[in-house]
Amino acid sequence: MSEPLTELFAAGGPTRVMGIVNVTPDSFSDGGAYPDPTDAVRAGQLMVEQGADLVDVGGESTRPGAPRVVASEELRRVLPVVATLAAAGVPVSIDTSRASVAAAAVDSGAVLVNDVSCGMNAELLRIVADRGVHYVLMHSRGSSAQMGELAVYDDVVTDVVSELAARLEVVLAAGIAEDRVIIDPGIGFAKTAAHNWALLADLGPLAALGRPLLVGTSRKTFLGAVLHEPGKPVRPPVERDDATQATTVLLAAAGVWAVRVHAVRPAVDGIRVERAWRSAAAAAATAAASVGRPAAPFH
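Values in this document were obtained by computation on a predicted structure and should not be read as measured data.

Asks: Quick question: what am I supposed to make of helix H10 (residues 241–254) here?
Replies: Since there are 3.6 residues in each turn of an α-helix, residues three or four apart along the chain are aligned in direction. Across its 14 residues, H10 extends 20 Å between first and last C-alpha, which sits within 8% of the 20 Å expected from 1.5 Å per residue. All buried positions along H10 are accounted for by Asp241, Ala243, Thr244, Gln245, Thr247, Thr248, Leu251 and Ala252. The inward-facing, buried residues of H10 abut helix H7 (193–201), strand S7 (214–215), helix H9 (221–227), strand S8 (258–261) and helix H11 (264–290). Gly255 lies just past H10 and shows a positive phi near 90 degrees.

Here it is as structure tokens:
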């Protein structure tokens, strides 16, 4: 059984790991990886064994340009997986922007609604408020088909924070308790590679919104661009895990509440190393102070 939800969602603890299970044929990285609900459940259970704190189940691809599926198909894909994992004691997040899917998933045991629409569905917000579950408000603009053309900002950090602050007011006005809300900057959603790096390098203004931060960089295109070598093919998503773990360690050092990843074990290992480093640095600073010696900065 997983730890109590109060501890899972508590601020100030170690960075959490959210494992991704997409039961879709067309997601950019793991589309088609789990053709049967049993395969998806097994993958989610393995993630928990490897140290995942939550499992995020999605039934509709949100990659740029992806077409929408009908609600009945999304429900068919996710509900058996959500229900089985939840019954086994796994904290499950449902990745959806549809009210009907959110309601059915929460009623099947999901403890968090991961909303990639930036809180644009009033009925979904009402359901989250009524059920009292946790809620991820992720920054995005437009649909998957539109987001590329909407990646225009005066200053991406200022604009994203401003837009999230405005949507947070809507979320709270809908009756969702503030201590249930988690903020996600929406890396890759209506953002260029430069926008993504600017947000990752300046998380302070996002943290100033006063809510825990969830960040998902896993295997995304902007990492592929960093890894690309002239004259060679762009690395496919599954070959971007090492770069993903580099961002995971940096995000843990920045104090985010959770990272959303495809490869769980490396993320868990990286976070453990960052915690050990942080603990050793604190001990070294204390020891240096006790003898009047300045702690040497790391370069």
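Asks: When you look at the pairing of S8 in this model, what are you seeing that I'm missing?
Replies: Note on strand geometry: in a regular strand, side chains alternate between the two faces of the sheet. Residue alternation in S8 divides its side chains into two sets, Ala258 and Arg260 and Val259 and Val261, and both sets are buried. Relative to S8, strand S1 (residues 16–22) runs parallel, the two sharing 4 bridges. Along S8, the bridge assignment pairs Val17 with Val259.

Asks: I tried to follow the packing of aromatic side chains on my own but got confused; where do I start?
Replies: Aromatic ring pairs are described here by two measures, namely the spacing of the ring centres and the angle between the planes. Applying the stated criterion to the full structure yields 2 aromatic pairs. Judged by centre distance (4.9 Å) and plane angle (70 degrees), the rings of Trp197 and Phe222 are edge-to-face. Separated by 25 residues along the polypeptide, Trp197 in helix H7 and Phe222 in helix H9 bring together distant segments of the chain. Trp197 sits in the partly exposed class, given a relative accessible area of 36%. Note on Phe222: relative accessible area 4%, which makes it buried.

Asks: Hey, could you run me through the pattern of salt bridges in this one?
Replies: A side chain with one charge may pair with a side chain of the opposite charge, provided their charged atoms come close. Counted according to the given criterion, the structure contains 16 salt bridges. A salt bridge links Arg98 to Glu60; the nearest nitrogen and oxygen atoms lie 3.7 Å apart. Placement of Arg98 in the loop between strand S3 (92–95) and helix H4 (99–107) and of Glu60 in the loop between strand S2 (54–58) and helix H3 (71–87) is noted, with a sequence separation of 38 residues between them. Overall, Arg98 belongs to the buried group, its relative accessible area being 15%. A residue is classified by how much of its surface remains accessible, and Glu60, at 10% relative accessible area, is buried. Look at the salt bridges and you will find they share partners, linking Asp56, Asp95 and Arg260 into a network.

Asks: What is the right way to read the side chain of His195 from this model?
Replies: Within the element layout of this structure, His195 appears in helix H7. On the basis of relative accessible area, His195 is assigned to the buried category, the value being 14%. A polar side-chain atom of His195 sits 3.0 Å from the main-chain amide nitrogen of Thr192. Not counting chain neighbours up to four residues away, the residues in contact with His195 comprise Ala151, Tyr153 and Val156.

Asks: Can you help me understand the nonpolar core in this one?
Replies: Counting residues in each nonpolar core, the largest one holds 71 residues, and the members touching the most others are Val57, Val113, Tyr135 and Leu137. Here the element with the most residues in this core is helix H6 (residues 156–173); it accounts for 7 residues. Excluding residues that lie within four positions of it along the chain, Val57 makes contacts with Val21, Val23, Val78, Val81, Val82, Leu85, Val92, Ser93, Ile94 and Asp95. If you look at the next biggest cluster of nonpolar residues, it comprises 11 residues, including Met18, Leu112, Leu214 and Trp257.

Asks: Before we go on, may I ask you to explain the packing of H3 against H4 in this structure?
Replies: Packed helices, taken two at a time, are described by their axes: the angle between them and the distance between them. Where H3 meets H4, the closest approach of the two axes is 10 Å, and the angle between their N-to-C directions is 20 degrees. Between H3 and H4, the interaxial angle falls into the category roughly parallel. Pair H3 / H4 crosses with right-handed handedness. For the pair H3 and H4, contact is made by Ala71, Glu74, Leu75, Val78, Leu79 and Val82 and by Ser100, Val101, Ala104 and Ala105, respectively. A class-by-class count of the residues in the contact of H3 with H4 yields 8 nonpolar, 1 polar and 1 charged.

What counts, and at which threshold
Residues numbered from 1 in each chain as written. Predicted model: local features only at pLDDT ≥ 70, side-chain atom pairs only at ≥ 80, totals over all residues. Heavy atoms only, no water. Helix = DSSP H or I, 4+ residues; strand = E, 2+ residues; numbered from the N terminus. Expected span 1.5 Å × (residues − 1). Buried < 20%, exposed > 50% of the residue type's maximum accessible area, 1.4 Å probe, protein only. Contact = heavy atoms within 4.5 Å. Pairing = 2+ DSSP bridges. Phe/Tyr/Trp six-rings, centres within 6.5 Å; stacked < 30°, edge-to-face > 60°. Salt bridge = Lys/Arg side-chain N within 4 Å of Asp/Glu carboxyl O. Polar contact = N/O pair within 3.5 Å; in protein donor to acceptor, adjacent residues only side chain to side chain. Core = buried A, V, L, I, M, F, W, Y, C linked by side-chain atoms within 4.5 Å. Axes fitted to C-alpha atoms, helices over the stretch in contact; angles between N-to-C directions. Parallel < 35°, antiparallel > 145°, perpendicular 65-115°, else oblique. Left-handed = near helix turned anticlockwise from the far one by under 90°. Nonpolar A, V, L, I, M, F, W, Y, C, P; charged D, E, K, R; others polar.

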